[in-house]
Amino acid sequence: MRRLAPWLCAVFALFAAGTSAEFAWRGVRPHIPEIGRKELEPTLGQGVLLGILGGLRTVVADLTWIRSYVLWERRDRAGCEALMRAACALDPHSRYFWENAGYAVGFDLAHWEIRRRGGYARVPAETQERLFQSYARRGIEILEEGRKHAKTTTPLVLCAAQLAEIKLKDHGLSSRYYREAAEAPDAPWYAARICAQTIWEDGRREEAYRWFRQYWTTRMLPKEDGFPDDLQRLRVMEEVLRIRPELRIPRQDWER
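To start, this report covers the structure provided alongside it. Computed from a predicted structure; not experimentally measured.

**Examining helix H6 (residues 95-116)**
Part 1 of the argument: Counted at 1.5 Å a residue, the expected span for H6 with its 22 residues is 32 Å, and the 30 Å between its end C-alpha atoms agrees.
Part 2 of the argument: Following H6 by one or two positions, Gly118 has its phi on the positive side, about 120 degrees.

Below, the structure written as structure tokens:
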């Protein structure tokens, strides 16, 4: 009987741990978005599914993401994207996964596709541009999906703005994203200036000036340094638009 006692204690401890884990998982499970078969099928095997059932989704998501980087280094388009999407599905609150998946798909995959087709010298410029735009749209779709789940979304909006500006060359769409990011509570300091510049380059110069002036007056001027570089940009706009002196932003004490 003494020989069996340690084994009985071990079995009891495992049973207690399993029961506790099950109750904990039942409490957490309703707050986690469902993962459908469509998201899991391309990449998940039996081990990952066991991880999900055991409540180890974030751990498995990290491992899946690491694996996606291996495929990224190998320039494996389909495998890299599938694993990144799987990581996002496993840990949908991770802004890092959504942001970097959008970047990789939107900026990298088109280059890999062009190389697979023979390189930049062989692929016509029109085809290259079509591929850049196609993958950029896919990247934006990932970022938009991430905005529904991630706890912090402003970086996702900025990434979508960059894809719209650089790859789609759609200044109207990019300016909308930049404006949304600039007006967010956690807006980075550069978002407003880029937003104004994008609207300006879209041909809406007066709109760009009015919006940037209002933003600078209400959100930048009250800060400690008053953002003098942004004011300088506004001064250039006033010169180009030939704003009458009396209608321009009042001269600040630090201006010479």
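**Comments concerning a nonpolar patch on the surface**
Part 1 of the argument: Residues Leu56, Val59, Leu63 and Ile66 make up a contiguous nonpolar surface patch of roughly 390 Å² in combined accessible area.
Part 2 of the argument: On the secondary structure map, Ile66 appears in helix H4 (residues 57-73).
Part 3 of the argument: A relative accessible area of 55% places Ile66 in the exposed class.

**Digging into the nonpolar core**
Part 1 of the argument: Within the largest apolar cluster, 62 residues are counted, with the highest numbers of intra-cluster contacts made by Trp211, Phe212 and Met237.
Part 2 of the argument: Leave out the neighbours within four places in its chain, and Trp211 touches Arg179, Ala182, Glu183, Ala192, Cys195 and Ala196.

**Re the packing of aromatic side chains**
Part 1 of the argument: Here the structure, examined in full by the defined rule, presents 10 aromatic pairs.
Part 2 of the argument: With centroids separated by 4.9 Å and ring planes inclined at 25 degrees, the aromatic side chains of Trp65 and Phe97 adopt a geometry described as stacked. With Trp65 in helix H4 and Phe97 in helix H6, this residue pair connects regions lying 32 residues apart in the sequence.
Part 3 of the argument: Residue class for Trp65 comes out buried when judged on its relative accessible area of 5%.
Part 4 of the argument: A relative accessible area of 4% places Phe97 in the buried class.
Part 5 of the argument: A ring pair is formed by Trp72 and Trp112, whose centres lie 6.3 Å apart and whose planes are at 65 degrees; its orientation type is edge-to-face. With Trp72 in helix H4 and Trp112 in helix H6, this residue pair connects regions lying 40 residues apart in the sequence.
Part 6 of the argument: A relative accessible area of 7% means that Trp112 is categorised as buried.
Part 7 of the argument: An aromatic cluster is built from Trp65, Tyr69, Trp72, Tyr96, Phe97 and Trp112, whose rings are joined through pairwise contacts.
Part 8 of the argument: The ring of Trp72 has Arg75 sitting right over it, with the charged end atom 5.0 Å from the ring centre.
Part 9 of the argument: The positively charged end of Arg233 is found above the aromatic ring belonging to Trp200, 5.5 Å away from the centroid.

What counts, and where the lines are drawn
Residues numbered from 1 in each chain as written. Predicted model: local features only at pLDDT ≥ 70, side-chain atom pairs only at ≥ 80, totals over all residues. Heavy atoms only, no water. Helix = DSSP H or I, 4+ residues; strand = E, 2+ residues; numbered from the N terminus. Expected span 1.5 Å × (residues − 1). Patch = residues over 30% accessible without salt bridge, like charges linked within 9 Å, V, L, I, M, F, W, Y side chains within 5 Å. Areas by Shrake-Rupley, 256 points an atom, 1.4 Å probe, with all protein chains shown as cover. Salt bridge = Lys/Arg side-chain N within 4 Å of Asp/Glu carboxyl O. Buried < 20%, exposed > 50% of the residue type's maximum accessible area, 1.4 Å probe, protein only. Core = buried A, V, L, I, M, F, W, Y, C linked by side-chain atoms within 4.5 Å. Contact = heavy atoms within 4.5 Å. Phe/Tyr/Trp six-rings, centres within 6.5 Å; stacked < 30°, edge-to-face > 60°. Lys NZ or Arg CZ within 6 Å of the ring centre and 35° of its normal.

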